[in-house]
Amino acid sequence: NKFTQTIPIFSVQHKLNKNIEIIFGSLYSTLNHKLEEPIFRFDRYYQNNVEYGLQLLYNSSLIESDLWMNWEKFIFKNDPFQEEFVVGNNTDFKIYPSKKFDVYIPLQMLISHKGGQIDSSPNSKSTIFNGLTGLKFNYKINKNNTLGLESLFLWYKGLSLPDEGCNMQLFKNGKGFYNKIKYDNNFISAMLGYWVGEKFISPKGEYLFQSVSERDYYSSINFFEKTRKIITTKIAFK
């Protein structure tokens, strides 16, 4: 909560078998979840890096999965604030593995909840679902160079939203399409993408992709752009 505050970081990790690991306590957090930016923004790596809860990792030749629960705010009886937690999953299915060409089907979901039955907060409960699926293609040009294509469909649904108050949202349902081309070698990673979103909202996502203003999460400005179209690019030097 403050820059001068220190808290202990601990985790208990157990390998159940060659494919499954379970972690309790401090999780492999933020960017380790490998979620797409419209659902989970990059800035959370340094703004909200610590995640406490339970995590289940599965890794095999055809499936890679990360399932976790991050308890952001725990409550006791009559606390004046709501409990907050996030449940997430990222699973990649490799449907066509080969030496030169790979095809993946990603499945991602994030459920953000605010509520509680024992607090004294006047705020209504809120549960928001974000999901993603699509196709990812990777072509290995040679040992050091890879070209990727991704076509992703995302959706947003307010599972439980109040009609007014601090937890309300302007839209109850929305969707988005994100197409990307990527290039990677030993020295540089580059990406060019095109996003089209309609009534799309994601509490943990990058604000640029959303149909409501970042400031609407903290006040009642109600500035929005129902349909949002963005060209994105990234270059990273290693």
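Here is a short report on the structure shown in this document. Just so it is clear, the structure is predicted and the values come from calculations on it, not from any experiment.

The helix and strand inventory of the chain stands at 1 helix and 11 strands. Over its C-alpha atoms the chain spans a radius of gyration of 19 Å, differing by no more than 12% from the 18 Å that the globule rule assigns to 238 residues. Its C-alpha atoms give the chain principal-axis dimensions of about 60 × 45 × 35 Å. Within the span of the chain, comprising 238 residues, buried residues form 38% of the whole. Summarising the internal contacts of the chain: among those between residues at least 6 apart in sequence, 57% fall at separations of at least 24. For the chain, the exposed surface amounts to about 14400 Å²; the carbon and sulfur share of it is 59%. When the 29 basic and 23 acidic side-chain charges of the chain are each reduced to a single mean position, those positions are 5 Å apart.

Bringing the nonpolar core into the picture now. Of all hydrophobic cores here, the largest spans 23 residues; its most connected members are Leu35, Ile39, Leu110, Leu154, Tyr156, Tyr178 and Trp195. Here this core takes 3 residues from strand β8 (residues 146-160), the largest share from any one element. Those residues within four positions of Tyr156 in sequence are excluded, and the remaining contacts are Ile128, Phe129, Asn130, Leu161, Gln169, Phe171, Lys172, Asn173, Gly174, Lys199, Phe200 and Ile201.

A separate point is the environment of Leu149. If you trace the backbone, Leu149 turns up in strand β8. The exposure class assigned to Leu149 is partly exposed, which follows from its relative accessible area of 43%. On a C-alpha basis, the gap between Leu149 and Leu192 in space is 9.9 Å, while along the polypeptide they are 43 residues apart. Ignoring any residue separated from it by four or fewer positions in sequence, one finds Leu149 in contact with Leu135, Lys136, Phe137, Lys180 and Ile181.

A few words now on the pairing of strand β9 (residues 173-184). Note that β8 and β9 share 12 bridges and pair antiparallel. For Thr146, the partnering residue across the bridge sits in β9 and is Asp184. Linking β9 back to strand β10 (residues 188-198) in an antiparallel pair, the connection comprises 3 residues.

Cut-offs used in this document
- Residues numbered from 1 in each chain as written.
- Predicted model: local features only at pLDDT ≥ 70, side-chain atom pairs only at ≥ 80, totals over all residues.
- Heavy atoms only, no water.
- Helix = DSSP H or I, 4+ residues; strand = E, 2+ residues; numbered from the N terminus.
- Rg over C-alpha atoms; globule rule 2.2 N^0.38 Å.
- Buried < 20%, exposed > 50% of the residue type's maximum accessible area, 1.4 Å probe, protein only.
- Contact = heavy atoms within 4.5 Å.
- Areas by Shrake-Rupley, 256 points an atom, 1.4 Å probe, with all protein chains shown as cover.
- Lys, Arg positive; Asp, Glu negative; His and termini not counted.
- Charge placed at Lys NZ, Arg CZ, Asp CG, Glu CD.
- Core = buried A, V, L, I, M, F, W, Y, C linked by side-chain atoms within 4.5 Å.
- Pairing = 2+ DSSP bridges.

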